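# Chain and residue survey
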Amino acid sequence: MTETAFRPDFPLPDLTEPLTSPFWLAAARDTLALPYCRTCARFRWYPKATCPGCGTDDLPWMEVPGTGTLFSWTVVRHAFLPAFSGQVPFVAALVTLDAAPGVRLPTRIVDAKPEELTMDAPVEVCFAPLSYPGVPGEVRAPFFRLRAMSDGNPT
Ligand SMILES: [Zn+2]
């Protein structure tokens, strides 16, 4: 049986990965940023070396507002890795960003009970340190929470 090797800071994001490091550098400034293809005039997610639409490698990262809607979610109740044991239950989700149609960003929903979540619920980004017990370091990461609408109702 082959043993899997992990980075010492796994499961924290790999900040040295060239394709994704701009995402985490932006998050460190409490900013959400995504790769954008000028030729296709759309954001591309997940980050790739070339645009899947036109093939260009000119994909500058652009800041986007952190508002969107809840596309899908699940409540994770079992930790398959020991590093996650103190984190369950948590809500893993896909969020559609208002400024980036077609992008569905994987994230966690925070500050909400699972029964409060509904399809297309308005959400907004919030930034917080991501860390795991026994894992050195932390990374500032984007999470999402339900967004109160102007009438005071979240939906
Ligand atoms: Zn393109």
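Residues numbered from 1 in each chain as written. Predicted model: local features only at pLDDT ≥ 70, side-chain atom pairs only at ≥ 80, totals over all residues.

Helix and strand counts for the chain stand at 1 helix and 8 strands. In the chain, the succession of helices and strands from N to C terminus is α-β-β-β-β-β-β-β-β. Taken against the 2.2 N^0.38 rule, which gives 15 Å for 155 residues, the C-alpha radius of gyration of the chain at 17 Å falls within 12% of a compact globule. Counting all 155 residues of the chain, 21% fall into the buried class. Long-range pairs, those at least 24 residues apart, make up 53% of the contacts in the chain between residues at least 6 apart in sequence. (Helix = DSSP H or I, 4+ residues; strand = E, 2+ residues; numbered from the N terminus. Rg over C-alpha atoms; globule rule 2.2 N^0.38 Å. Buried ≥ 20, exposed ≤ 12 C-beta atoms within 10 Å, placed from the backbone. Contact = placed C-beta atoms within 7 Å.)

The next subject is the sheet that holds strand β1 (residues 32-37). Judged by pairing direction, the sheet is antiparallel, and its 3 strands sit side by side in the order β2-β1-β3 without closing on themselves. Because the sheet does not close on itself, it has two edges, and the strands there are β2 (42-43) and β3 (61-64). The sheet contacts of helix α1 (residues 21-28) involve β1 and β3, and relative to β1 the element is tilted by about 145 degrees. (Pairing = 2+ DSSP bridges. Axes fitted to C-alpha atoms, helices over the stretch in contact; angles between N-to-C directions.)

What follows concerns the UniProt feature "domain: ChsH2 C-terminal OB-fold" (unreviewed entry) in the chain. Per the UniProt annotation, the sites labelled "domain: ChsH2 C-terminal OB-fold" (unreviewed entry) are residues 61-127. Secondary structure across residues 61-127 divides into 0% helix and 51% strand, with the first and last C-alpha atoms of the span separated by 18 Å. (UniProt positions renumbered as here; feature names shortened; annotations may be inferred.)

A word on the nonpolar core. Soluble globular proteins tend to bury their nonpolar side chains together. Counting residues in each nonpolar core, the largest one holds 24 residues, and the members touching the most others are Ala93, Val95 and Phe144. Residue assignment for this core shows that the elements contributing at least two residues are α1, β1, β4 (67-76), β5 (90-97), β6 (104-109), β7 (122-130) and β8 (139-146). (Core = buried A, V, L, I, M, F, W, Y, C linked by C-beta atoms within 7 Å.)

Right, let's talk about unusual backbone geometry for a bit. Trp45 connects to Tyr46 through a cis peptide bond whose omega is 10 degrees. The linkage connecting Val88 with the following residue, Pro89, adopts the cis geometry, with an omega of -5 degrees. Position of Pro89 relative to the elements: it lies in the loop between β4 and β5. A positive phi angle is found at Asp30, which is not glycine, with a value near 55 degrees. Examined against the element boundaries, Asp30 turns out to sit in the loop between α1 and β1. The phi torsion at Asp120 lies on the positive side, around 65 degrees, for a residue other than glycine.

Take the pairing of β1 next. A regular strand carries its side chains on alternate faces of the sheet. Pairing of β1 with β3 involves 4 bridges; the strand directions are antiparallel. Paired with Ala33 across the strands is Glu63, a residue of β3. Both β1 and β2 contribute to a ladder of 2 bridges, which runs antiparallel. The residue of β2 that forms the bridge with Cys37 is Arg42. Where β1 hands over to β2, the hairpin turn is made up of 4 residues, of which Ala41 adopts a positive phi near 55 degrees.

Residues Phe23, Trp24, Ala26 and Ala27 constitute the buried set of α1. All buried residues of α1 lie within an arc of 160 degrees about the axis, which places them on one face of the element. Taken from the residues just after α1, Asp30 is the one with a positive phi, measuring 55 degrees. (Arc of directions from axis to C-beta.)

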